[in-house]
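Report on the structure
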Amino acid sequence: MSNNNSGSSVARYFDTMDYGPAPESDTDAREWLARHAEGFGHFIDGRFTPASEGAHFDTAEPATGQRLARIAQGSAKDVDAAVAAARAAQPGWHALGGHGRARHLYALARMVQRHARLLAVVEALDNGKPIRETRDLDVPLAARHFYHHAGWAQLQEREFADQVPLGVVGQIIPWNFPLLMLAWKIAPALALGNTVVLKPAEFTPLSALLFAELAAQAGLPRGVLNVVTGDGATGAALVAHEGVDKIAFTGSTEVGRLIRTATAGTGKSLTLELGGKSPFIVFDDADIDAAVEGVVDAIWFNQGQVCCAGSRLLLQEGVADDFIARLKCRMQTLRVGPPLDKAIDMGSLIDPTQLERVRSLVATGVREGASCYQAPGALPPGGNFFPPTLLTGVQPASTVATEEIFGPVLVTMTFRTPDEAVVLANNTRYGLAASVWSETIGLALGIAPQLQAGVVWVNATNLFDAGVGFGGYRESGYGREGGREGCYEYLKPRAWAQRKPRPDAVAAAAVAAVAAVAANEAADTKSESALALPAIDRTAKLFIGGKQVRPDGELSRSVFAANGQAAGEVGVGNRKDIRNAVAAARAAAGWSSATPHRRAQALYYLAENLSARAGEFTARISSLTGVAAKAAQAEVDASVSRLFAYGAWADKYEGTVHVPPLRGVALATVEAIGVVGVVCPDEAPLLSFVSLLAPLMAMGNRTVIVPGEKHALVATDFYQVLDTSDLPAGVINLVTGPAASLARTLAEHDDVDALWVFGAKELSRDAERLSVGNLKRTLVDHGLATDWHDAASAEGAVFLRHATQVKNIWIPYGE
């Protein structure tokens, strides 16, 4: 009888899948917290130090609301002390060499593994996420990042021989993945010879403090890693500190804009990993049950508090009803509970303010016409729990379809054709990630390149690895974390590190003006008694959409030769001319999909036609700049060579195949950025112009170029080369005029995807500051002069990297 009852009980459990709680012990974590019961200090120069102003704040467990720890509030003085410690440690850390740093990163990886359970429990307590996620994903992946980057440290002298570390790096991480974001940021920075000041999120500082304590025990040298805790004011002090060479930020798009504005013109390197509203696209031939499980991982993982969460479900109409029915059944089995229970699927949201935001946005969605379904079942008492939520009948323009909710809320829409799916998927200002589900691999791989997102998962979601770059397009930020592409974010070209400020442009202009007046007076005196036929007037025009056009304002300005005499006139472009040029460039999107061979041939043809007119350009350069004919000829020859170089690169600068530790591959593809504005410097007027144009053109971008003001006639001569080079209309557009105002217009234009500015320091500052509208990528020189004849400074991979963005397409395989 007993056996029968037992059998019946087992059968019932298999049928219902009901089982009791399985709590993880938090004893070790509580003991660690008890050792710091009086409060945590900042971790500066290898030890905990008290807050300079004595301010503290309490953190709470999201799942209970109970006080967890007392945390130091960082001030500008604390940040200054941390930066000073990092600055003092950086030369020695770099001098340790790649192998020495590799051994330290290897030790950090082993340290994470040795203390995996403690780190996982602290993370679950501090963040509210399930222990199953911290244990099985966050901690192992954190260790993987240190292992992977130990390898890059070992290989640095060979693989990055032309690069040097940036110096002191300020890193600001969010509360949704505190330990994992720490590893993503710290590992590459330290591996490549930088030192770090880390500011963890105000809500979740504990894993960073625990990591720093353990890292010191593992032998990491003093000052290499510093942790300053605090709120947004602490982060702002770190961003503003003059001793910081780079800021790496993960967080909201709104704060990312503030950081871009604050760092504009400072010379700080910047990477931003920001918000997302990622599409999850299901075609009618998909494995529906697998895709339903994919949705669970995409939106209810970490309570939906994931920047790349698949929060927009796009269903092909033929399977939409069936999919929603199966998804609702699956939602009924999801368990919400205390984070240390190993049997739950979802824990607590981070904070009452986040809980209220999610509730408010769901209510807004319902008011705007959506139907709301929430998984049944009582939520745990207290804490910040919210049930898995599905909103159907959502319109593409509704608030919940466009705004990042950052909670366990999925919105659904339908589509009919693959083209419509792409349009809906790209109907967002973000561009972080996407998932494509189809059993037809050709369809999936055909859709992936069309999605404006930095990561695309095929028949999968939320796959991450240290060897595969992660980062977004558009308002999801720029820069990459992980892999080789992520390493470059913590390095700068050795040749660029040696650049010096340009000569004082104001003084040079004053000398030129005096010379021009004197030359004109002499010419007037000499020709008073002479009468001659005037030259046939020729005012250079703008070049927009493949045609020479007059400027909208019908204004022109004189360009003077080196001897002060007028050499000609060029049009003065304005905001409307820039608008027309950007529209022409946007319409030339076919250039981005042209084959690399086609782009290579166009560059070779430009070089051929430029070479045929070498004498004309030599004379023009010599006349305008005053250099000897031999030097002018050398500039023309170098320009022809540079066009050939990028013609060569056009079909050779390719992506790669990553092999992450799973059954599958990740294709790292390089894609054109899109429409790029370029502001050229005055020096080397032809060579600098070609050096900035050619890499963008080679990689499939369309350009709107503002030539250097002093010698703009060189660029307007060049559009005659374009006229004869069989180039599609709109690929290259030239707008002459005042660099300052045209650069501002390009920076403020939300249909310009990136902006390159070389010239006065003020131009760089304005370009970075005004680009925050759509968070366009910028490449600026901060007023530092480039030797355009030096290939190490002015040619090659460094420009090609800035001319492209990397998309990683994950393709799992096997049954």
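As a reminder, the structure under discussion sits directly above these lines.
My aim in this report is to walk through the structure given alongside it, one point at a time. None of these values were measured; they are calculated from a predicted model.

Regarding the overall build of the chain
Within the chain, the secondary structure is distributed over 30 helices and 32 strands. The C-alpha atoms of the chain give 29 Å as radius of gyration, which agrees with the globular expectation for 815 residues (28 Å, within 12%). With the C-alpha coordinates aligned to their principal axes, the bounding extent of the chain is approximately 130 × 60 × 45 Å. By residue count, 58% of the 815 residues in the chain fall in the buried class. Restricting to contacts in the chain with at least 6 residues of sequence separation, those with at least 24 account for 76%. Of the roughly 31,500 Å² of accessible surface on the chain, a fraction of 54% belongs to carbon and sulfur atoms.

A look at the packing of aromatic side chains
Scanning the entire structure with this criterion turns up 22 aromatic pairs. Measuring from ring centre to ring centre gives 5.2 Å for Phe43 and Phe48, while their planes differ by 85°; the resulting arrangement is edge-to-face. The exposure class assigned to Phe43 is buried, which follows from its relative accessible area of 5%. The class of Phe48 is partly exposed, set by a relative accessible area of 25%.

Focus on the environment of Leu258
Within the secondary structure layout, Leu258 lies in helix H10 (residues 253-263). Classification of Leu258 by relative accessible area gives exposed; the value is 59%. Along the sequence, Leu258 and Asn127 sit 131 residues apart, while their C-alpha atoms lie 25 Å from each other.

Points about the sheet that holds strand E20 (residues 539-540)
Taken in spatial order, the three strands line up as E20-E24-E23 in an open sheet, and their pairing is mixed. Pairing within the sheet leaves two strands with one partner each, and these edge strands are E20 and strand E23 (556-560). By the bridge criterion, five bridges tie E23 to strand E24 (residues 566-571) in an arrangement that is antiparallel. Each bridged residue has a counterpart across the sheet, and for Ser556 the counterpart in E24 is Gly571. Against the sheet, helix H26 (residues 712-723) makes contact with E20, E23 and E24, and its axis sits at roughly 65° relative to E24, the strand it touches most.

As for the environment of Pro130
With respect to the helices, strands and loops of the structure, Pro130 is situated in the loop between helix H5 (116-127) and helix H6 (131-159). A relative accessible area of 0% places Pro130 in the buried class. A C-alpha to C-alpha distance of 36 Å links Pro130 and Val772, two positions 642 residues apart in sequence. If we skip the residues at most four places from it in the chain, Pro130 touches Gln303, Pro339, Ile344, Asp345, Met346 and Gly347.

Quick word on the pairing of strand E7 (residues 195-199)
Sheet faces and side chains relate simply in a regular strand, where the side chains alternate between the two faces. Burial of E7 is extensive: five of the five residues sit out of reach of the surface. Burial along E7 is two-sided: the face carrying Thr195, Val197 and Lys199 and the face carrying Val196 and Leu198 are both buried. Considered for its hand, the β-α-β crossover made up of strand E6 (residues 168-172), helix H7 (residues 178-191) and E7 is right-handed. Of the strand pairs in this sheet, E7 and strand E8 (residues 225-227) are connected by three bridges, and their pairing is parallel.

Points about the packing of helix H4 (residues 97-114) against H7
In the contact formed by H4 and H7, the axes pass within 9 Å of each other and the chain directions differ by 160°. Classified by the angle their axes make, H4 and H7 are roughly antiparallel. Within the contact between the two elements, H4 uses Arg101, Leu105 and Leu108 and H7 uses Ala187, Leu190 and Ala191. Taken together, the residues that form the contact of H4 with H7 break down as five nonpolar, no polar and one charged.

Focus: the sheet that holds strand E15 (residues 409-415)
Spatial strand order, E13-E14-E15-E12-E11-E16-E17-E32-E26-E25: 10 strands in an open sheet with mixed pairing. The sheet is open, and its two borders are formed by strand E13 (371-374) and strand E25 (656-658), each paired with just one other strand. Between one strand axis and the next, the sheet turns through 20° on average, direction left out of account. Two strands pair when backbone bridges link them, and strand E11 (residues 279-282) and strand E16 (residues 433-437) are joined in this way by three bridges, in the parallel orientation. By the bridge assignment for E16, Val282 is matched with Trp437. In this fold helix H13 (residues 352-367) packs onto E13, strand E14 (389-392) and E15, with an angle of close to 25° to the strand it touches most, E14.

Here's the deal with the packing of H5 against helix H8 (residues 206-217)
Following both chains from N to C, one finds H5 and H8 inclined at 155°, their axes separated by 9 Å at the closest point. What the angle tells us is that H5 and H8 run roughly antiparallel. Taking contact as the criterion, the partners of Leu118, Leu119, Val122, Glu123 and Asp126 in H5 are, on H8, Leu206, Ser207 and Leu210. Among the residues forming the contact of H5 with H8, the class breakdown is five nonpolar, one polar and two charged.

A short note on H5
Between its first and last C-alpha atoms H5 spans 16 Å; for 12 residues at 1.5 Å apiece the expected length is 16 Å, and the two agree. Within H5, 10 of the 12 residues are buried, which leaves the element mostly enclosed by the surrounding structure. Turning to H5, its buried residues are Leu118, Leu119, Ala120, Val121, Val122, Glu123, Ala124, Leu125, Asp126 and Asn127. Looking one or two residues past H5, Gly128 carries a phi angle of roughly 90°, positive in sign.

A few points about the pattern of salt bridges
Overall, the coordinates contain 38 salt bridges when judged by the stated rule. A salt bridge links Arg67 to Asp58, with the nearest nitrogen and oxygen atoms 3.3 Å apart. Arg67 sits in the partly exposed class, given a relative accessible area of 48%. Three or more residues are tied together by salt bridges with common partners; here these are Glu24, Asp28, Arg117 and Lys342.

Section: the environment of Met697
The topology assignment puts Met697 in helix H25 (residues 685-698). Residue classification places Met697 among the buried residues on the basis of a relative accessible area of 1%. Met697 sits 504 residues away from Gly193 along the chain, and the two C-alpha atoms are 34 Å apart. Every residue in contact with Met697, bar those within four places of it in the chain, is listed here: Trp591, Arg599, Ala602, Leu603, Leu606, Leu727 and Ile732.

Criteria and thresholds
Every residue gets a number counted from 1 within its own chain, in the order that chain's sequence is written. Per-residue local features of the predicted model are confined to residues with pLDDT of at least 70, and side-chain atom pairs are confined, for both listing and counting, to 80 or more; whole-chain, interface and lining totals are unaffected and use all residues. Based on all heavy atoms of the structure, the side-chain values leave hydrogens and waters out of the count. A helix here means a DSSP run of H or I that spans at least four residues, while a strand means a run of E at least two residues long, and both kinds are numbered starting from the N terminus. A radius of gyration in this sense is built from C-alpha atoms; the matching globule rule multiplies 2.2 Å by the number of residues raised to 0.38. Relative accessibility under 20% of the residue-type maximum defines a buried residue, over 50% an exposed one, and the middle range a partly exposed one, all with a 1.4 Å probe and only protein chains included. Residue contacts are defined here by distance: any two heavy atoms, one from each residue, within 4.5 Å place the two residues in contact. Exposure was quantified through the Shrake-Rupley algorithm and a 1.4 Å probe, taking into account, for residues, occlusion by the shown protein chains and nothing else. We call Phe, Tyr and Trp rings a pair once their centres come within 6.5 Å, taking the six-membered ring for Trp, and we label the pair stacked below 30 degrees between planes, edge-to-face above 60, and tilted otherwise. Strands pair, by our definition, only if DSSP identifies at least two bridges between them. Helix axes are fitted only over the stretch in contact, all axes being lines through C-alpha atoms; the angle between N-to-C directions runs from 0 to 180 degrees. Whether a crossover is right-handed comes down to one check: with the strands pointing away from the viewer, does the path from the first strand over the helix to the second run clockwise; if it does, it is right-handed. Roughly parallel means an angle under 35 degrees; roughly antiparallel, over 145; roughly perpendicular, 65 to 115; everything else is oblique. Under this grouping Gly is polar, as are all residues other than the nonpolar Ala, Val, Leu, Ile, Met, Phe, Trp, Tyr, Cys and Pro and the charged Asp, Glu, Lys and Arg. Take the number of residues in a helix, subtract one, and multiply by 1.5 Å to get its expected span. By definition, a salt bridge exists where a carboxyl oxygen of Asp or Glu is found within 4 Å of a side-chain nitrogen of Lys or Arg.

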